[in-house]
Amino acid sequence: MAQFSTPYSRRKFLLTTGAVAASSVLLKGCLGNPPEETTTTSSNSTSPATVNSGTGETPEVTKIKLGFIPIVEAAPIIIAKEKGFFTKYGMTEVEVSKQANWASARDNVVIGSANGGIDGGQWQMPMPHMITEGIITNGTKVPMYVLAQLITQGNGIAISGKNAGKGVNLKIADPDYIKAFEKTEGRKFKAAHTFPNANQDFWIRYWFAASGIDPDKDIDLLAIPSAETVQGMKTGTTDAFSTGDPWPYRIIADKIGYMSALTHQMWKFHPEEYLAIRADWVDKNPKATKAVLKGIMEAQQWCDDPANRKELIQICSGRNYFNVPVNILTPPYEGKYSLGDGQPDVNDFKAGPLYWKDDIGSVSYPYKSHDLWFLTETIRWNFHKGAIKDIDTARKLVDKVNREDLWREAAKEAGFAAADIPTATSRGVEKFFDGVTFDPEKPEAYLSSLKIKRV
Ligand code: CA
């Protein structure tokens, strides 16, 4: 039997599906006296959506604190809050809290909301798995559950203007140009991401390695705050930046450089960032967890409607959220990217951020096969001194952290179309721009096929 063919994990939650019909009265009761606004962000929404009967059971609590980073990945969390989708499902006191950076989000989830931190929120991968195992938290194990994917695509590799015209594009024409930097420039080619051993690091490593450049040996690859990186690109001391919308637009608009690749071009409809919450919170509040999920899912559907993108941009560009001008967010949300460096422009709605569905299937559903890719890539680069030692360890960790079963239950309870609910935990074989494939049934074969790796 294939590893991923069973739609439900061995873990089963205490779920009562019969109480759905009776829930509307309770829901209305619990919404009778809306609590005071406790969020750190202002609420621009005019009126919350009406309570939908038949959307599940009354949640155990109405409050949760979710962290977000002000980038396009966070939109479903922000929209669920601002458009009243959390409230609709009984989560009337959701607090969305802007995190200074990924390290702060990590530290805040370890602290927990009771002590001024957060219960969960937006994550790069595989942060929830690493926090669960105490690998990136100085040994403190805080079990977490991955509950939904927030977004696909929306990221890319920016290159400083200094390197324009040198063939540093999707496929690097002359890898020796980069490898020779130490001789020609007196320093290595310098590339940056904002947090080590997670998405942005994986994307830029994959991109370099696909052209025969070893990211650990041939270049300097470092975690640097975005603003500092952009400054370095302007002055010509930083060469590459693995980044997400809306930065790619800014790189071009402010003439800082160009885009060598959109992640959409590297791996179409790839897994990106996720919703994950502390396991103790979820275990204690399974109904509230599903209510949060339903709110996120409905927000994702709302986000993907082209008719809503203008309002989405207006809300997300606000000072409490991304704090960027509307005109910077508009092109990526329309799938319009100027790449620069003589490359053709991209004009395809489906090349930009998508939240609910893409051409393969569900964006929101957290495929276990995608968690496994992130952990396989962690093995590839020998991150964390080999803490994830083999594929078997990785599979067990995926089974522990990924709660696709809760996603599935929430989607069914909310009455979302059956066609939008995947029937398997694997999306199947994934294909990258360089022809490499990842078969989730055979991650070892993927690792063997890669030329540049640490294993
Ligand atoms: Ca990202």
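Residues numbered from 1 in each chain as written. Predicted model: local features only at pLDDT ≥ 70, side-chain atom pairs only at ≥ 80, totals over all residues. Heavy atoms only, no water.

Spatially, β2-β1-β3-β10-β4 is the arrangement adopted by the five strands of the open sheet, whose pairing is mixed. At either end of the open sheet lies a strand with only one pairing partner, and these are β2 (93-98) and β4 (144-149). Averaged over all pairs of adjacent strands, the angle between their axes in this sheet comes to 25°, without regard to strand direction. Note that β4 and strand β10 (residues 274-278) share five bridges and pair antiparallel. Each bridged residue has a counterpart across the sheet, and for Met-144 the counterpart in β10 is Arg-278. (Pairing = 2+ DSSP bridges. Helix = DSSP H or I, 4+ residues; strand = E, 2+ residues; numbered from the N terminus. Axes fitted to C-alpha atoms, helices over the stretch in contact; angles between N-to-C directions.)

To continue, consider the sheet that holds strand β6 (residues 189-193). Hydrogen bonds between backbone groups are what pair the strands of a sheet, and the pairing can be parallel or antiparallel. Taken in spatial order, the five strands make up an open sheet running β7-β6-β8-β5-β9, and their pairing is mixed. Two strands bound the open sheet, and with one partner strand each, they are β7 (219-223) and β9 (257-262). Going from strand to strand, the sheet's axes swing by 25° on average, the running direction of each strand aside. Here five bridges tie strand β5 (residues 155-160) to strand β8 (residues 240-244), and the two strands are oriented antiparallel to one another. Residue Ile-159 lies in a different strand from β8, and its bridge partner there is Ala-240.

This next bit is on the pattern of salt bridges. Overall, the coordinates contain 29 salt bridges when judged by the stated rule. Put simply, Glu-185 and Lys-162 hold a salt bridge, and the shortest N to O gap is 2.8 Å. Highlighted residues: Glu-185 in helix α7 (residues 181-185) and Lys-162 in the loop between β5 and α6 (175-179), separated in sequence by 23 residues. Classification of Lys-162 as partly exposed rests on a relative accessible area of 36%. Between Lys-389 and Asp-390 there is a salt bridge whose closest N-O contact spans 4.0 Å. The exposed category is assigned to Lys-389, whose relative accessible area is 62%. In this structure, a network of salt bridges that share partners links the residues Asp-201, Arg-205, Asp-214, Asp-216 and Arg-454. (Salt bridge = Lys/Arg side-chain N within 4 Å of Asp/Glu carboxyl O. Buried < 20%, exposed > 50% of the residue type's maximum accessible area, 1.4 Å probe, protein only.)

Ligation of the calcium ion by protein atoms is provided by Glu-73 (OE), Asn-155 (OD1), Glu-272 (OE) and Glu-273 (OE), these donors lying 2.1 to 2.7 Å from the ion. Here the donor residues for the calcium ion map to a single chain with the spacing E-x81-N-x116-E-E. (Donors = N, O, S within 2.8 Å, 3.2 Å for Na, K, Ca; no water.)

Counting through the fold element by element, Ala-276 comes out in strand β10. With a relative accessible area of 0%, Ala-276 lands in the buried category. Separated by 155 residues in the primary sequence, Ala-276 and Gly-121 place their C-alpha atoms 5.7 Å from one another. When residues no more than four places from it in sequence are discounted, the contact partners of Ala-276 are Gly-120, Gly-121, Trp-123, Pro-128, Met-144, Tyr-145, Val-146 and Leu-147. (Contact = heavy atoms within 4.5 Å.)

Contact geometry for helix α8 (residues 199-210) and helix α16 (residues 368-380): axes closest at 11 Å, N-to-C directions at 60°. Of the two possible hands of crossing, α8 and α16 adopt the one that is left-handed. Here α8 contributes Asn-199, Phe-202, Trp-203, Tyr-206 and Ala-209 to the contact with α16, which in turn contributes Trp-373, Phe-374, Glu-377, Thr-378 and Arg-380. Grouping the constituent residues of the contact of α8 with α16 by class yields six nonpolar, two polar and two charged. (Left-handed = near helix turned anticlockwise from the far one by under 90°. Nonpolar A, V, L, I, M, F, W, Y, C, P; charged D, E, K, R; others polar.)

The calculated volume of the largest pocket comes to roughly 430 Å³. Looking at the largest pocket, it is lined by 22 residues, and the ones nearest its centre are Ile-69, Pro-70, Ile-71, Ser-226 and Trp-247. Within the residue set of the lining of the largest pocket, elements represented by two or more residues are β8 and α10 (247-253). (1 Å grid on protein atoms, 1.4 Å probe; cavity = no way out; pocket = protein on both sides within 12 Å on 5 of 7 lines; lining within 4 Å. Points joined across faces, edges and corners; volume = space filled by probe spheres on them.)

Omega for the peptide link from Met-125 to Pro-126 comes to -5°, which places this bond in the cis form. Residue placement: Pro-126 occurs in the loop between β3 (120-123) and α5 (127-132). Phi angles above zero are rare outside glycine, and Phe-269 is one such case at about 55°. Mapping Phe-269 onto the fold places it in the loop between α11 (263-266) and β10.

By themselves, these observations are geometric and do not establish any function.
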